[in-house]
Amino acid sequence: METISVSKLLTLYFFTVLFLCTKLIQCSVTYDRKSIVINGQRRILISGSIHYPRSTPEMWEDLIEKAKHGGLDVIDTYVFWNVHEPSPGNYNFEGRYDLVRFIKTVQKVGLYVHLRIGPYVCAEWNFGGFPVWLKYVPDISFRTDNGPFKAAMQGFTQKIVQMMKNEKLFQSQGGPIILSQIENEFGPVSKALGAAGRSYVNWAAKMAVGLGTGVPWVMCKEDDAPDPVINACNGFYCDYFTPNKPYKPTLWTEAWSGWFTEFGGPIVQRPVEDLAFAVARFLQKGGSYFNYYMYHGGTNFGRSAGGPFITTSYDYDAPIDEYGLLRQPKYTHLKDLHRAIKQCEHALVSSDPTVISLGTYEQAHVFSSGTGKCAAFLANYHSNSSARVTFNNRHYDLPAWSISILPDCLTDIFNTARVRVGTSQIQMVPSNSKVLSWETYNEDISSLEESSKIINSGLIEQLNATRDSSDYLWYITSVDISPSESFLRGEHNKPSISVNSAGDAVHVFINGQFLGSAFGTNEQRSFTFNGPANLRAGTNKIALLSVAVGLPNVGFHFETWKTGIIGPVLLHGLDHGQKDLTWQKWSYQVGLKGEAVNLVSPNGVSSVDWFIESLATKNQPQLKWHKVKKSYWFII
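For the structure given in this document, a descriptive report is provided here. All residue numbers refer to positions counted from 1 along the written sequence of the respective chain. Local features are withheld for residues below a pLDDT of 70 in this predicted model, meaning they are given only at 70 or higher, and side-chain atom pairs are given and counted only at 80 or more; totals for whole chains, interfaces and linings count all residues. Processing note: side-chain calculations cover all non-hydrogen atoms of the structure and skip hydrogens and water entirely.

**Here we look at the packing of aromatic side chains**
Then, number 1: Only centres within 6.5 Å qualify two rings of Phe, Tyr or Trp (six-membered ring in Trp) as a pair; their planes then separate them into stacked at under 30 degrees, edge-to-face at over 60, and tilted for everything else. Considering all chains together, one arrives at 41 aromatic pairs under this definition.
Then, number 2: With 6.3 Å between their ring centres and 50° between their planes, Trp259 and Tyr316 make a pair best called tilted. With Trp259 in the loop between strand 10 (251-256) and helix 8 (272-284) and Tyr316 in the loop between strand 11 (289-296) and helix 9 (330-350), this residue pair connects regions lying 57 residues apart in the sequence.
Then, number 3: The buried label goes to any residue with under 20% of its type's maximum accessible area, the exposed label to any with over 50%, and the partly exposed label to all in between, with areas taken from a 1.4 Å probe on protein chains only. The class of Trp259 is partly exposed, set by a relative accessible area of 28%.
Then, number 4: A relative accessible area of 4% places Tyr316 in the buried class.
Then, number 5: Both rings, one in Trp474 and one in Phe509, keep their centres 5.7 Å apart while their planes meet at 50°; by these two values the pair is tilted. Residue Trp474 is found in strand 21 (residues 472-481), and its partner Phe509 is found in strand 23 (residues 505-510); the two are separated by 35 residues along the sequence.
Then, number 6: On the basis of relative accessible area, Trp474 is assigned to the buried category, the value being 1%. Helix and strand assignments follow DSSP, with helices taken as H or I runs no shorter than four residues and strands as E runs no shorter than two, numbered in order from the N terminus.

**Some points on the nonpolar core**
Then, number 1: Throughout this description, the term nonpolar core refers to a set of buried Ala, Val, Leu, Ile, Met, Phe, Trp, Tyr and Cys residues connected via side-chain atoms within 4.5 Å. Ranked by size, the top nonpolar core spans 129 residues in total, and within it Leu115, Ile160 and Met164 carry the most contacts.
Then, number 2: If we skip the residues at most four places from it in the chain, Leu115 touches Thr77, Val79, Leu99, Ile103, Ile160, Met164, Ile177, Leu179, Ser180 and Gln181.
Then, number 3: Counting 28 residues, the second-largest nonpolar core is a separate cluster that includes Leu459, Phe487, Ala518 and Leu581. Pairs of residues are marked as contacts when any of their non-hydrogen atoms sit within 4.5 Å.

**Describing the pattern of salt bridges**
Then, number 1: For this document, the term salt bridge refers to a Lys or Arg side-chain nitrogen within 4 Å of an Asp or Glu carboxyl oxygen. Here the structure, examined in full by the defined rule, presents 31 salt bridges.
Then, number 2: Ionic pairing is found between Lys342 and Asp73, a salt bridge with its closest N-O pair at 2.8 Å. You can see Lys342 sitting in helix 9 and its partner Asp73 sitting in the loop between helix 2 (57-69) and strand 5 (74-78), a full 269 residues away along the chain.
Then, number 3: Relative accessible area serves as the criterion here: at 26%, Lys342 is assigned to the partly exposed category.
Then, number 4: One salt bridge in this structure joins Asp471 and Arg303, with 3.0 Å as the shortest N-O distance. Here Asp471 is found in the loop between helix 10 (462-466) and strand 21, whereas its partner Arg303 is found in the loop between strand 11 and helix 9, with 168 residues between them in sequence.

**Quick word on unusual backbone geometry**
Backbone geometry follows two general trends: most residues other than glycine have a negative phi, and most peptide bonds adopt the trans configuration.
Then, number 1: Of note, the bond from Tyr293 into Met294 is cis; its omega dihedral lies within 30 degrees of zero at 5°.
Then, number 2: In this structure, Met294 sits in strand 11.
Then, number 3: The omega angle of the peptide bond from Gln328 to Pro329 is 10°, so this bond is cis rather than trans.
Then, number 4: Within the fold, Pro329 resides in the loop between strand 11 and helix 9.
Then, number 5: One non-glycine residue, His557, adopts positive backbone phi at about 50°.
Then, number 6: Inspection of the secondary structure assignment puts His557 in the loop between strand 26 (538-547) and strand 27 (565-574).
Then, number 7: According to the relative accessible area criterion, His557 is buried, its value standing at 18%.
Then, number 8: Of note, Asn598 is a non-glycine position whose phi angle comes to about 60°, a positive value.
Then, number 9: Examined against the element boundaries, Asn598 turns out to sit in the loop between helix 11 (593-596) and helix 12 (602-605).

**Considerations on the packing of helix 8 against helix 9**
Then, number 1: With axes taken as lines fitted to C-alpha atoms, and helix axes fitted only over the stretch in contact, angles between N-to-C directions fall between 0 and 180 degrees. Put simply, helix 8 and helix 9 touch, their axes get as near as 10 Å, and they point 20° apart. Considering the angle they form, helix 8 stands roughly parallel to helix 9. The handedness of the crossing between helix 8 and helix 9 is right-handed. Counting all contacts with helix 8, which are made through Val272, Leu275, Ala276, Val279 and Leu283, the residues of helix 9 involved are Lys330, His333, Leu334, Leu337 and Ile341.
Then, number 2: Three classes are used: nonpolar for Ala, Val, Leu, Ile, Met, Phe, Trp, Tyr, Cys and Pro, charged for Asp, Glu, Lys and Arg, and polar for all others, with Gly counted as polar. In the contact of helix 8 with helix 9, the residues fall into 8 nonpolar, 1 polar and 1 charged. Roughly parallel refers to an angle under 35 degrees, roughly antiparallel to one over 145, roughly perpendicular to one between 65 and 115, and oblique to any angle outside these ranges. The crossing is said to be left-handed when, going from far helix to near helix, the turn is anticlockwise and less than a right angle, and right-handed when the turn is clockwise.

**Overview of helix 7 (residues 195-209)**
In an α-helix, one turn spans 3.6 residues; hence positions three or four apart end up facing the same way.
Then, number 1: Residue count minus one, scaled by 1.5 Å, sets the expected span of a helix. Its 15 residues place the ends of helix 7 21 Å apart at the C-alpha level, agreeing with the 21 Å of an ideal helix rising 1.5 Å per residue.
Then, number 2: Three or more residues of helix 7 are buried, namely Gly197, Tyr200, Val201, Trp203, Ala204, Ala205, Met207 and Ala208.
Then, number 3: Buried positions along helix 7 lie against helix 5 (147-166), strand 7 (177-182), helix 6 (187-193) and strand 8 (217-220).

**Considering the state of the cysteines**
Then, number 1: The disulfide definition used here is simple: a pair of cysteine sulfur atoms within 2.5 Å. Within the structure shown, the criterion is met by 2 disulfides.
Then, number 2: For Cys233, the disulfide goes to Cys238, at an S-S distance of 2.0 Å. A torsion of -80° about the S-S bond marks the disulfide between Cys233 and Cys238 as left-handed. Across this residue pair, the class does not change: Cys233 and Cys238 are buried.
Then, number 3: With its sulfur 1.8 Å from that of its partner, Cys374 forms a disulfide with Cys409. The sign of the S-S torsion, about -75°, decides the handedness of the disulfide formed by Cys374 and Cys409: left-handed. Here the residue Cys374 occupies a position in strand 14 (residues 374-380), and Cys409 occupies one in the loop between strand 17 (402-406) and strand 18 (414-415), the gap between them amounting to 35 residues.
Then, number 4: Accessibility expressed as a relative area gives 21% for Cys374, which makes it partly exposed.
Then, number 5: Judged by its relative accessible area of 2%, Cys409 falls in the buried class.
Then, number 6: Here the bonded cysteines of the protein chain are numbered in sequence order, and their pairing is 1-2, 3-4.
Then, number 7: Cys122 takes part in no disulfide bond, and the closest cysteine sulfur to it belongs to Cys220, at a distance of 9.5 Å.
Then, number 8: Judged by relative accessible area, Cys122 falls into the buried class, the value being 8%.

What follows is the structure, given as structure tokens:
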């Protein structure tokens, strides 16, 4: 047997420790005051939001490849509780909801992930991402120091974390997830709740950290995020933001690339020059992580849009549009910005900036590393006037509201206001030259009362009846009109009906005849319908179709907000004055018959008789389904 010398043992020990440390560093994510630290290196991280349910699995890899080509390091996504647990304990992670597949696709492309578990997400998503069944857990109160809510929230969070651990998807396991978020934009709610809000924040942070993911946790728009959770900024600009502790990095979890679209509202666009300026200004103030919300917005499929009154398009004026196509010049201008930022990375994470005044509205932020690296950001904050400045004995022309990036403190390689690519014009054209013909299917309302399964004295809040199984609820009642009523003899105007609703829309029918519609808005959901009532002598059937246009997704205790017809429902102009129908017997029918036969699916389409009819046909208004090829709409 050969004798092993002490020197050989020491050498073996050294290389063993070196190997273990290397393995450890390769699987570590920490932070300091300058940045997120991955594998022992400080990083400037460029991120973009892509929500897996707002696109299809077939699109994912292409979207992520485009994001990588655009200069991103990280893909950010929320986790949507309501689609994953549609009923208590029953989970769905298939198709567009295959979260593991999405994250593995990001890993395959070579990017990191910020997993924003929430599980409250807001996101213009139905009920803010909460499953509706959660509202009916006994004694529950959302997002506060409430036992039933905390138990449910913890259970779902643990479920997601364990799934990620099982698939080894956290960076601490060698996976792509480098950050996780608990809660979401809780700051305003926390202040309103007082001590209960503060207690809940502390509990949520402790619960999340206790799950042992091995990566940092984040809370956005939560100034009181307790250690070691990092608080982060959301907004159009975040250069003003400072973390709540001096040893935490400066993170911008939502840099808004545009805005969502409401029915009846404008399509909001954000100039890329302003977005690039906001990002550069954030970095020159010490920021080290920023995320575009959205980088690809996608589509609110089915009934996923919340708000309410949010459209199915979630395009968000993002660098990649709703259809997965590049939006120019936004995509390429930001790509150029990212390339310039990466050339400055070492200097940005190695030092604090020295700020030099170059004029009334002009400044230089200079970063100098210990290895001789130097980067400078030259800013002109005037919103209208360009400026010529002198820096390092050179002259630089700065357009209004712009920042120039000099990776070597000499060469201006990028200015946020100088766009080198043209605007893309995308035109939708028919796939063939045939004229598309529309077909219609009439929604039968003649037998509503006979098929009603719910009867109640008084009006029922809509969600209590539907449990979000449909956006539609029929309220049906009848009223007897005496033959002696003077309006029947033409002695005065016809009676009128008023219907008070908590939201979101109502269609009014009397004796099968459509009388009119009314609706609220995202800002003011409640409204009152007022219109003439075509009553006749004898029994008159009143049918009110209440419509939810997506459930609330944000607001103080939005789980307590009402939807549907809450009353009063009044008839005006009768001989004996006003008649209140609110507390008489009402029958209720959940959903539409077209929904019952599943007309929105290809299989359901063939189950009924459709009729060819022009949308321009001016016949008596009634409820109809319309289809052309593979697209379906329900309109009135």
